[in-house]
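# Survey of secondary and tertiary structure
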Amino acid sequence: MRKRIQVAAAVLLLLILAVPAAAVVPSGELNAGIGAQWDGDSKKLVHDSTRTGFRFVLEDSLEAGTKLHFSTKGWWDWKAKKGDLSLDQLWLSGYSGDFDYQIGRQVISWGTADGFNPTNYFARMSMEALSSGVISGNPLWAAQAVYYGPSWSVTGVAVPFFTPQAIDDQMKQMMMAENPQAALILKAMEDTKKPRGLGKNSEWAVRAETQIAGFDVQASLYSGYEPLPGLEMVLTVQPDLGPVPVPSFEGVYRRQTFAGLAIAGTLGPVGVWGEATYGGPAKFAESDGANPLEVARIPLSVNQKYLQAVVGGDYTFPLGNGLLTQVQYIYRGQGSLMEPYVMPDLATLEPGEIEGAHYLYGRLGYDFSPSSSAEVLVLHGFKEKGGLIRPAYTHRFPNSVQLQLSLIRPYGEESISSYGGRIQLAVTYQF
């Protein structure tokens, strides 16, 4: 963490010195929150977080239509005694003729759906993002360029440094509650070597966009790496432990390729959208037989091409100030949102069956007044036979102060209900 603090502070100092003070308009936010989680054993609320944080932004319009953006963020949890300070975004954007470009650490936002975007290839999913109600990607180092034709455009993205998906504390808790091998799996994920360097290890995507019959249509192609490592269970015989094979886990980030299609538009007063991608990672390498004590290697991750799809719509009912209703159907051919790996059948040494998972994602939003609003998010998994529900109330005070009370709770019969849920009160001041 000390290294991150030094890097962020150095970049901030250099930027302040490099940009004329009169041209810079600083902005950002200060935030604080207190949270408690339901203990699965005692069935009581346990205070587990008291967090303060900030986000600081400097943005300046330079010559020839270019713009420089810098932001840094940090937080400290006084209860858990841990925190982070890091560079958020640092990019330069501009245009030249029919081209727009943006280079640096930035958020790549592709796709048409709300939160669950199969064609947003660089986004990362997390339980903390879902529980906050803000499902978006994290910034990464990338170059993005757009060429505008008469009625179409082409966008290209190059990402030189691979960034894996982080497993947050809430996801770890769910995995530990359901899988007796979760500790070994998490250790294997942590130990998996990440792709490094430029050139062949870079990720890229290209997207063509146009309008057909009033609908925005996007076709895309992506080549990169799995956000989570592909894992295999390796069974080996240990002579000093007897003839029964001993399991261990090994991981590798496999190259993957996807082709995608996204469509968005309106049908009367209803907004509609849909996305689909097809592709997958390279298959696991065959055993080279170098270890004579190795009995079998069994995949825990999907090992073939698969389909992902989202279809959704929203409509505002004329009730009071307007009731926003949104529904999305989500299909994941690579399996569950909540459990990224499937354990094998040790009796037959066959891989566990990875079935397509189906979800419904809904949102209700209502503004009682310009200063107060409420919303309810629901994610229901048919495979899990349960889901998560998140009601939240937001009150906006004068002088850019906002208070939000939110609750996330599971319901259902199987794995998802092992997560006890949490309640959180957060206050934000924007400047």
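Refer to the structure presented above.
Residues numbered from 1 in each chain as written. Predicted model: local features only at pLDDT ≥ 70, side-chain atom pairs only at ≥ 80, totals over all residues. Heavy atoms only, no water.

### Some remarks on the nonpolar core
Counting residues in hydrophobic clusters, the biggest one holds 17 residues, and the most contacted among them are I185, M189, L231, L300 and Y341. Of all the elements in the fold, those that place two or more residues in this core are α3 (169–178), α4 (182–191), β10 (230–236) and β14 (294–299). If one sorts the elements of this core by residue count, α4 sits on top with 5 residues. (Core = buried A, V, L, I, M, F, W, Y, C linked by side-chain atoms within 4.5 Å. Buried < 20%, exposed > 50% of the residue type's maximum accessible area, 1.4 Å probe, protein only. Helix = DSSP H or I, 4+ residues; strand = E, 2+ residues; numbered from the N terminus.)

### What to know about unusual backbone geometry
The backbone of A64 shows a phi angle near 60°, a positive value even though the residue is not glycine. Locating A64 in the fold gives a position in the loop between β2 (45–61) and β3 (67–77). The class of A64 is exposed, set by a relative accessible area of 68%. You will see that K81, though not glycine, has its phi angle at about 60°, which is positive. Among the secondary structure elements, K81 is positioned in the loop between β3 and β4 (82–96).

### Quick notes on the sheet that holds β14
One open sheet accounts for 3 strands, arranged β11-β10-β14; its pairing is antiparallel. The open sheet is flanked by β11 (246–252) and β14, the only strands paired with a single partner. Each neighbouring strand pair of the sheet contributes to a mean axis angle of 25°, computed without reference to strand direction. In the sheet, β10 pairs with β14 via 5 bridges, with the strands oriented antiparallel. Following the sheet pairing, V234 is matched in β14 by R297. (Pairing = 2+ DSSP bridges. Axes fitted to C-alpha atoms, helices over the stretch in contact; angles between N-to-C directions.)

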